[in-house]
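Listed below are the residues making up each chain.
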Amino acid sequence: MVKLALAPGVFLWHAYFSPQAQKTLLDDVLARLETAPLYRPLMPKTAKPFSVEESNFGHLGWVSDTAGYRYEPLHPVTGKAWPAIPPALLTLWDDIAQLPPPDCCLLNLYRGAAKMGLHQDRDEKDVEAPVVGVSLGDDGLFRIGGAARSGKTQSVKLASGDVILFGGPARLAYHGIDRIVPGSSRLVPGGGRLSLTLRRVAA
Ligand code: SIN
Ligand code: FE2
């Protein structure tokens, strides 16, 4: 497995998951989404819906609404606990992070013009652990910079099966998804890009 260093603390594995492993992981994810359906969170200040749909796996799920960004143990729509993180993702974490396991896996589904503006992941108490992202389905144009919003950024194409990690000096790097390339993959039923972001929330 080739590990590309994109910047200090930022690493990319192209095709970490084979096409067969992507399909197996997707089937596991879709089964878990039956009990934790994707929903559209709201922006805290404007109450505008996100352009992505989201859900979570793990003890804690990242949510956003007019009360702000935070982690919650229950799905905001169903009121049920989030399903467990798929074992294949815990194995991935062990392989590349070698730290106590993540307690959150955030799912984002991007379809059409959905995107994610530049932001930092900083709602976690544990910023020692890295952020690990798995991409499934359509290509996504990921942008990552430094810990200052105004800093220089680079654009990276994330394809289905790719894994990105940012940690250490890049743990608080600004990042986002400029756009996806609709129709570039046939993996996700109905099209689009599904990202699975693993984080350790509790210190
Ligand atoms: C995120 O930063 O929450 C998601 C990034 C991605 O979709 O790859
Ligand atoms: Fe993020």
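Quick look at the structure, then. (Residues numbered from 1 in each chain as written. Chains lettered and ligands numbered in written order. Predicted model: local features only at pLDDT ≥ 70, side-chain atom pairs only at ≥ 80, totals over all residues. Heavy atoms only, no water.)

Some details on the overall build of the protein chain
Our working rule: Helix and strand labels come from DSSP, where a helix needs a run of H or I of at least four residues and a strand needs a run of E of at least two; each type is numbered from the N terminus. Radius of gyration means the value over C-alpha atoms here, while the globule rule gives 2.2 Å times the residue count to the 0.38 power. Summary of the burial criterion: residues with accessible area below 20% of their type's maximum are buried, those above 50% are exposed, and those between are partly exposed, where the area comes from a 1.4 Å probe applied to protein chains only. Here, residues are in contact when the closest pair of their heavy atoms is within 4.5 Å. To measure how exposed things are, a 1.4 Å probe is used in the Shrake-Rupley method; for residues, cover is taken only from the protein chains shown. Charged residues are defined narrowly, with Lys and Arg counted positive, Asp and Glu counted negative, and His plus the chain ends left uncounted. Where a charge lies is defined by one atom per residue type: Lys uses NZ, Arg uses CZ, Asp uses CG and Glu uses CD.
Across its full length, the protein chain carries two helices and 13 strands. For 203 residues, the compact-globule formula gives about 17 Å, and the C-alpha radius of gyration of the protein chain, at 16 Å, lands near that figure. Taking all 203 residues of the protein chain together, the buried fraction comes to 49%. Considering only contacts within the protein chain whose residues lie at least 6 apart along the sequence, 72% involve residues at least 24 apart. As presented, the protein chain carries roughly 9500 Å² of accessible surface, and 58% of it is formed by carbon and sulfur atoms. With 22 positive and 19 negative side-chain charges, the protein chain shows a spacing of 6 Å between the two charge centroids.

Quick notes on the packing of aromatic side chains
Under the convention used in this document: Between 30 and 60 degrees the pair is tilted, below 30 it is stacked and above 60 it is edge-to-face, where a pair is any two Phe, Tyr or Trp rings, Trp via its six-membered ring, whose centres lie within 6.5 Å. Ring-over charges, as used throughout, are those where CZ of Arg or NZ of Lys falls within 6 Å of the ring centre and within 35 degrees of the ring normal.
One pass over the full model with this rule turns up four aromatic pairs. Arranged with centres 5.0 Å apart and planes meeting at 65°, the rings of Y16 and F17 form a pair that is edge-to-face. Taking the relative accessible area as the measure of exposure, Y16 reaches 16% and is therefore buried. Among the aromatic residues, ring-to-ring pairing joins F50, W62 and Y69 into one connected group. Positioned above the aromatic ring of F11 is the side chain of K3, whose terminal nitrogen or guanidinium carbon lies 4.3 Å from the ring centre.

Looking at helix α2 (residues 87–96)
What counts is decided by this rule: Note that the arc is computed from the directions linking the helix axis to the C-beta atoms.
Looking only at α2, the buried set comprises L89, L92, W93 and I96. Projected onto a plane normal to the axis of α2, the buried residues spread over an arc of 100° and lie on a single side. Contacts made by the buried residues of α2 are with β2 (10–13), α1 (19–33), β6 (104–110), β8 (131–137), β11 (163–166) and β13 (193–199).

Describing unusual backbone geometry
In this model, A15 sits at a positive phi of 50°, which is unusual for a non-glycine residue. Position of A15 among the secondary structure elements: in the loop between β2 and α1. Residue A15 is classed as partly exposed on the basis of its relative accessible area, which comes to 48%. Residue Q98 is not a glycine yet carries a positive backbone phi of 45°. Tracing the chain through its elements places Q98 in the loop between α2 and β6.

Brief notes about the nonpolar core
Stated formally: Note on terminology: a nonpolar core comprises buried Ala, Val, Leu, Ile, Met, Phe, Trp, Tyr and Cys residues joined through side-chain atoms within 4.5 Å.
Membership of the largest hydrophobic core comes to 28 residues, with the highest contact counts inside it found for L89, L92, V163 and L196. Put simply, the parts of the chain that give this core at least two residues each are α1, α2, β6, β8, β11 and β13. The contacts of L89, once residues within four sequence positions are left out, are L25, C105, V134, L196 and L198. Counting 23 residues, the second-largest nonpolar core is a separate cluster that includes V10, V131, F166 and I177.

A word on the site of ligand 1
Put simply, the test is: Any residue with a non-hydrogen atom lying within 4 Å of a molecule or strand is treated as near it. For the purposes of these results, a polar contact is taken to be a pair of N or O atoms within 3.5 Å, where, inside protein, one atom must be able to donate a hydrogen and its partner to accept one; residues adjacent in sequence count only when each atom of the pair is a side-chain atom.
Looking at ligand 1, the residues that line it are N108, Y110, H119, H175, I177, R193, S195 and R199. Taking Y110, its side chain carries an N or O atom lying 2.6 Å from an oxygen atom of ligand 1. Note that an oxygen atom of ligand 1 is positioned 3.0 Å from one of the side-chain N or O atoms of H175. The fraction of the free accessible surface of ligand 1 (260 Å²) that becomes covered by protein chains is 94%.

Notes on the pairing of β11
Sheet faces and side chains relate simply in a regular strand, where the side chains alternate between the two faces. Where we set the bar: Two strands pair under a simple rule: DSSP has to find at least two bridges between them.
What you see with β11 is no split at all: V163 and L165 on one side and I164 and F166 on the other are buried throughout. Where β2 and β11 come together, four bridges link them in antiparallel fashion. Within the sheet, the bridge partner assigned to V10 lies in β11 and is F166. With four bridges joining them, β8 and β11 adopt antiparallel strand pairing. What sits directly across from V134, in β11, is V163.

A few points about the sheet that holds strand β7 (residues 116–119)
Here is the rule: Under this scheme, a helix contributes an axis fitted over its contacting stretch, all axes are lines through C-alpha atoms, and angles between N-to-C directions fall in the 0 to 180 degree range.
Ordered in space as β7-β12-β9-β10, the four strands form an open sheet in which the pairing is antiparallel. Here the strands that pair on one side only, and so sit at the sheet edges, are β7 and β10 (154–158). For this sheet, the mean angle separating the axes of adjacent strands, direction not counted, is 25°. Judged from the five bridges that link them, strand β9 (residues 140–144) and strand β12 (residues 175–180) form a sheet pairing that is antiparallel. Along β12, the bridge assignment pairs L141 with R179.

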